[in-house]
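Listed below, chain by chain, are the residues.
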Amino acid sequence: MRVYKYLFFILIGGLVLYSNLSCERDDICAEGTPTTPFLVIKFMDFDAGTQVKAPLELQVKAVGIETPFTLGAVTDSILIPLRNDVSITDYEFTINSDTTNNSDTDPLPNKDTVSFQYTTEEEYVSSACGFKINYKGLTVSPPEAGDDGSWIKNITIQRENVTDETTAHVFIFH
């Protein structure tokens, strides 16, 4: 009977040891792991060409969505998401958008609509992080001016593939 008792404890101990060794650590997507990148847009001075120029009181919102993105103080660049369920994303870019304390001499809001087209490509990152979406073949349609005229003078694509957020993908000249 003693032998069976020792065999039972050895068997249980072996099963516990085996189950602990066969488990993987909890998969947590580590900070800094590449995820689906945002579109990086840099604002440039149309007259100077290579000089950055921050738009005044910029507001950006997706067409069909009421709530604009929170951008904070825009210096020269913004990061905005592209849709990954379709191959087109339309945005309304509005300058002079803060009308809370405007006087009669302050410029009125000016809204232009820009359409970005692309194809999506999934890339496996890891079991913890899953997949990220890369955007390939980025193109842009000419901006549609609102009733208030066009503040965007030109748009150029700097990088057709949106795979990271290291440098600007699009320049908007105003």
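Residues numbered from 1 in each chain as written. Predicted model: local features only at pLDDT ≥ 70, side-chain atom pairs only at ≥ 80, totals over all residues. Heavy atoms only, no water.

1. Quick word on the state of the cysteines
To keep things clear, this is the line we draw: Our working definition of a disulfide is a cysteine sulfur pair at a distance within 2.5 Å. For the purposes of this entry, the term helix denotes a DSSP run of H or I that reaches at least four residues, the term strand denotes a run of E that reaches at least two, and both are numbered from the N terminus. Throughout this description, buried means an accessible area under 20% of the type-specific maximum (1.4 Å probe, protein chains only), exposed means over 50%, and partly exposed covers the range between.
Counted under the stated rule, the structure contains one disulfide. There is a disulfide in this structure between C29 and C129, and the S-S distance comes to 1.8 Å. Taking the sign of the torsion about the S-S bond as the criterion, the disulfide between C29 and C129, at about 105 degrees, is right-handed. With C29 in the loop between α1 (2-22) and β1 (39-44) and C129 in the loop between β5 (110-126) and β6 (130-140), this residue pair connects regions lying 100 residues apart in the sequence. The class of C29 is partly exposed, set by a relative accessible area of 34%.

2. Examining the pattern of salt bridges
So the rule is basically this: Any Lys or Arg side-chain nitrogen found within 4 Å of a carboxyl oxygen on Asp or Glu counts as a salt bridge.
The tally for this structure, following the rule as stated, stands at four salt bridges. Here D85 and R83 are joined by a salt bridge, their closest N and O atoms 2.9 Å apart. The partner of D164 in a salt bridge is R159, with the nearest N and O atoms 2.6 Å apart. Looking at D164, the relative accessible area reads 27%, which means it is partly exposed.

3. Here's the deal with the packing of aromatic side chains
By convention here, two paired aromatic rings are described through the distance between centres and the angle between planes. Stated formally: Put simply, two rings from Phe, Tyr or Trp (the six-membered ring, in Trp's case) pair if the centres are within 6.5 Å, and we call them stacked under 30 degrees between planes, edge-to-face over 60, tilted for the rest.
Going through the model one piece at a time under the given rule, you end up with seven aromatic pairs. For the pair F69 and Y91, a centre-to-centre distance of 5.7 Å together with 50 degrees between the ring planes defines the contact as tilted. Of this pair, F69 sits in the loop between β2 (59-62) and β3 (77-80) while Y91 sits in strand β4 (residues 88-95), and the two are 22 residues apart along the sequence. A relative accessible area of 2% means that Y91 is categorised as buried. With centroids separated by 6.5 Å and ring planes inclined at 65 degrees, the aromatic side chains of Y91 and F116 adopt a geometry described as edge-to-face. In this pair, Y91 is assigned in strand β4 and F116 in strand β5, connecting sequence segments 25 residues apart.

4. Describing the nonpolar core
Basically, it comes down to this: Nonpolar cores were defined as sets of buried Ala, Val, Leu, Ile, Met, Phe, Trp, Tyr and Cys residues, with membership established by side-chain atoms within 4.5 Å.
One finds L39, I41, L58, I78, F93 and F116 to be the most contacted residues of the largest nonpolar core, which totals 25 residues. For this core, the elements supplying multiple residues, two or more each, are β1, β2, β3, β4, β5, β6 and β9 (170-173). Within the second largest apolar cluster, five residues are counted, among which are V40, M44, A168 and F173.

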